[in-house]
Amino acid sequence: MTESFYAIFAMLVFPGGLFALALGLALKGLDRRLAARLQRRVGPPLAQPLYDLVKLAKKRTMVPNIASEPVFLGAPLIGAVSMALAAALVPIPGFYTPNPAFGDLLVVLYLLTVPAVALMVAGSASGSPFGAIGFSREMAMMLAYEGPLVLVVAAVALRTGLGQGGWVSFSLTEIVAYQRTHGAFLLDPVMWPALLAFLAFYPANLGIIPFDIPEAETEVLEGPLLEYSGPALGLFKVMSALKAVVVLGLGIALFFPYAPDGAAGLLVHLAKLVLLMLIGVSVVRVSCGRMRIDQAFRFFLKWPLAFSVLSLAVVALA
Amino acid sequence: MSLKQFISDQSRRMAARSPWIYRINAGSCNGCDVECATTALIPRYDVERLGCQYCGSPRHADIVLVTGPLTARVKDSVLRVFDEVPDPKVTVAVGVCPISGGIFRDGYAVLAPLSKYIPVDVNVPGCAPRPQAIIEGIAQAIEIWRQRL
């Protein structure tokens, strides 16, 4: 009884749900602020993503005549909920360990594909031609980056499993515990190819600028989001804020989970998230142009895939 | 003051800090569009400070900037796109053309003034208006929008 209570608490309040949402909005605000500073402007206030959400909640939701209404309104909900669940499954090293009975690394991997699927479904349900273009681009991107991600995770799991004298270990708790005793994978040369592949994966998954091709507002007018307005659009904003927390948190858990125990662990985790968001997202975002879909697809099938296959081979042989 | 009142006041104040902008070209000569897109709303004057954001879709918009004298050719499209903007919304007419037709006022295909077809809230006259004037117009539009929320 108490266990299921804790599980629900983890998904709704901490570290999933409300806490992850607040954290995600704060990270987005920091990102917009730093991007503005890098372009030598003042930039919006830190709470701007929150203001946007409140605004969207007060607007009217319009459903296009040709759209399929249940699917059109259900897709953002499913995307946002899946990310709230995933946020509860990602550990905060030294502070929070998810209960493996409710899912582990593999479940997180599956949940991470849900937002992309929700966007695709939303794009096609809206009946707009731009939504359809967004759908096909999102699908191509997903085919391109999912493969490397799975191989990277497999490499990490194999390294942990072999290090413990067993076979693969898909337990995030064990991966974190292994790195805290044997040193982070970030500093382990054997894992560097996997790290490089992961560094290419997360901008594509978060949809930031070199790879924001499905939602490119200057070419396909935000693609799948084109027809959305009001609270439904707000749910997509919630989804992307939560996704930032989940993906960056997963990166920390897989490669650099050093942290002291207790509340200090939470602070160190927050600091790492902020650092990753600022260096890994804002700086990349303002210093790149957008790739074309064929360029991005070829890039992913060339470099990240090669690095992830290489990392798996190196780990298996090492 | 009750808690409900407090929450609704606060949420209105927060929402008013996030006006998203959408531009409609109603047969403009492109002069005002250049002033809007490349002078007034670029990093130099940084309207993102006010929470403004350009959006590609009329469905995301709160403040609609209309340029041009509304030619017969684009009238139906303009009205259709304007209807796609969800309420509450504010309309800003940029340039002298939507007010009177400007130098095109005698044209056989010019339907100006715009206010015969669309409720216009703020007029920013000029041919073309200065970027500061456009930003001033947006600031006034935000004030009006705050009351409509």
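Residues numbered from 1 in each chain as written. Chains lettered and ligands numbered in written order. Predicted model: local features only at pLDDT ≥ 70, side-chain atom pairs only at ≥ 80, totals over all residues. Heavy atoms only, no water.

Asker: How would you summarise the overall build of chain A if you had to cite specific residues and measurements?
Answerer: From N to C terminus, chain A includes 11 helices and zero strands. For 318 residues, the compact-globule estimate of 2.2 N^0.38 gives 20 Å, and chain A sits close to it at 19 Å. In chain A, which comprises 318 residues, the share counted as buried stands at 54%. In chain A, once contacts between residues fewer than 6 apart in sequence are set aside, the share between residues at least 24 apart is 78%. By element, 71% of the accessible surface of chain A is carried by carbon and sulfur atoms, the whole surface being about 13,200 Å². (Helix = DSSP H or I, 4+ residues; strand = E, 2+ residues; numbered from the N terminus. Rg over C-alpha atoms; globule rule 2.2 N^0.38 Å. Buried < 20%, exposed > 50% of the residue type's maximum accessible area, 1.4 Å probe, protein only. Contact = heavy atoms within 4.5 Å. Areas by Shrake-Rupley, 256 points an atom, 1.4 Å probe, with all protein chains shown as cover.)

Asker: Tell me about the packing of aromatic side chains, residues and numbers included.
Answerer: Residues and elements named next belong to chain A. If you walk through the whole model with that rule in mind, you get 10 aromatic pairs over all chains. Taking 5.6 Å as the distance between ring centres and 65° as the angle between the ring planes, the aromatic pair formed by Y145 and F201 counts as edge-to-face. Residue Y145 is located in helix α6 (residues 129-163), and its partner F201 is located in helix α8 (residues 192-206); the two are separated by 56 residues in the primary sequence. Exposure class is identical for Y145 and F201. Each is buried. Ring centres of F198 and Y202 lie 6.3 Å apart, and the angle between their planes is 35°; on these two criteria the pair is classed as tilted. With F198 and Y202 both in helix α8, this residue pair falls four residues apart, about one helical turn. Classification of F198 as buried rests on a relative accessible area of 5%. Given the relative accessible area of 6%, Y202 is considered buried. Members of the aromatic cluster, joined through ring pairs, are Y145, F198, F201, Y202 and F255. (Phe/Tyr/Trp six-rings, centres within 6.5 Å; stacked < 30°, edge-to-face > 60°.)

Asker: Any details on the pairing of strand β4 (residues 90-94) of chain B? Residues and values, ideally.
Answerer: Residues and elements named next belong to chain B. Summarising burial for β4: five of the five residues are buried, a large majority. Crossover strand β3 (residues 63-67) to β4 through helix α3 (residues 75-84) is right-handed. Sheet analysis places β4 next to strand β5 (residues 122-124), joined by three bridges and oriented parallel. Its bridge partner being in β5, A93 is matched across the sheet by N123. (Right-handed = clockwise from strand over helix to strand, strands pointing away. Pairing = 2+ DSSP bridges.)

Asker: Can you lay out the side chain of B:H60 for me, pointing to particular residues and giving the numbers?
Answerer: Among the structural elements, B:H60 can be located in the loop between β2 (53-54) and β3. You can call B:H60 buried: its relative accessible area is 3%. Not counting residues within four places of it along the chain, the set of residues in contact with B:H60 comprises A:E222, A:L225, A:L226, A:Y228, A:L233, B:W20 and B:C55.

Asker: Provide a residue-level description of the interface of chain B and chain A, including the pertinent values.
Answerer: Between chain B and chain A, the contact holds 29 residues from the first and 27 residues from the second. When chain B packs against chain A, close to 2,400 Å² is buried across both sides, 55% of that on carbon and sulfur atoms. On the surface where chain B and chain A come into contact, there are three salt bridges. A salt bridge links A:K59 to B:D62; the shortest N-O distance between them is 2.8 Å. Along the contact surface separating chain B from chain A lie 14 residue pairs in polar contact (both at pLDDT 80 or more). If you list the elements that add at least two residues to the side of chain B that touches chain A, you get α1 (3-15) and α3 of chain B. Looking at which element gives the most residues to the side of chain B that touches chain A, the answer is α1(B), with five residues. When its residues are assigned to classes, the side of chain B that touches chain A shows 11 nonpolar, eight polar and 10 charged. (Buried area = accessible area lost by both parts, 1.4 Å probe. Salt bridge = Lys/Arg side-chain N within 4 Å of Asp/Glu carboxyl O. Polar contact = N/O pair within 3.5 Å; in protein donor to acceptor, adjacent residues only side chain to side chain. Nonpolar A, V, L, I, M, F, W, Y, C, P; charged D, E, K, R; others polar.)

Asker: Please provide a residue-by-residue account of the sheet that holds β5(B), values included.
Answerer: Residues and elements named next belong to chain B. Judged by pairing direction, the sheet is parallel, and its five strands sit side by side in the order β2-β1-β3-β4-β5 without closing on themselves. Edge positions in the open sheet fall to β2 and β5, since each of these has one partner strand only. With five bridges joining them, strand β1 (residues 20-25) and β3 adopt parallel strand pairing. Along β3, the bridge assignment pairs I21 with I63. Taken strand by strand, α3 contacts β1, β3 and β4, and its axis lies near 165° from that of β1. (Axes fitted to C-alpha atoms, helices over the stretch in contact; angles between N-to-C directions.)

Asker: Which residues make up a nonpolar patch on the surface, and what are the values?
Answerer: Residues and elements named next belong to chain A. Among the surface-exposed residues, F5, Y6, I8, F9, L12, V13 and L18 lie close enough to one another that they form a single nonpolar patch of about 740 Å² accessible area. Sort the elements by how many residues they give to the nonpolar patch and helix α1 (residues 2-12) lands first, with five residues. With respect to the element layout, F5 can be found in helix α1. Overall, the relative accessible area of 51% leaves F5 in the exposed class. (Patch = residues over 30% accessible without salt bridge, like charges linked within 9 Å, V, L, I, M, F, W, Y side chains within 5 Å.)

Asker: Talk me through the pairing of β1(B); I want residue IDs and the actual numbers.
Answerer: In terms of strand pairing, β1(B) meets β2(B) through two bridges, oriented parallel. By the bridge assignment, B:I21 is partnered in β2(B) with B:Y54.

Asker: Residues and numbers for the packing of helix α9 (residues 230-255) of chain A against helix α10 (residues 263-287) of chain A, please.
Answerer: Residues and elements named next belong to chain A. At their nearest, the axes of α9 and α10 sit 10 Å apart, and the two run at 110° to each other. The orientation of α9 with respect to α10, classified from their angle, is roughly perpendicular. Here the hand of the crossing between α9 and α10 comes out right-handed. From α9, V245, L248, G249 and I252 reach across to α10, where they touch H269, K272, L273, L276 and M277. Taken together, the residues of the contact of α9 with α10 sort by class into six nonpolar, two polar and one charged. (Parallel < 35°, antiparallel > 145°, perpendicular 65-115°, else oblique. Left-handed = near helix turned anticlockwise from the far one by under 90°.)

Asker: With reference to specific residues and values, describe the environment of A:E174.
Answerer: Residues and elements named next belong to chain A. Its location among the elements puts E174 in helix α7 (residues 172-182). Relative accessible area serves as the criterion here: at 34%, E174 is assigned to the partly exposed category. Beyond its immediate stretch of four places on either side in the chain, E174 contacts T160, Q164 and S169.

Asker: Give me the lowdown on the packing of α6(A) against α7(A), citing residues and values where you can.
Answerer: All names here are of chain A. Between α6 and α7, whose axes approach to 10 Å, the crossing angle comes to 65°. Classified by chirality, the crossing of α7 by α6 is left-handed. Counted together, V156, R159, T160 and G163 of α6 and E174, I175 and Y178 of α7 form the full contact between these two elements. Its residues assigned to classes, the contact of α6 with α7 shows three nonpolar, two polar and two charged.

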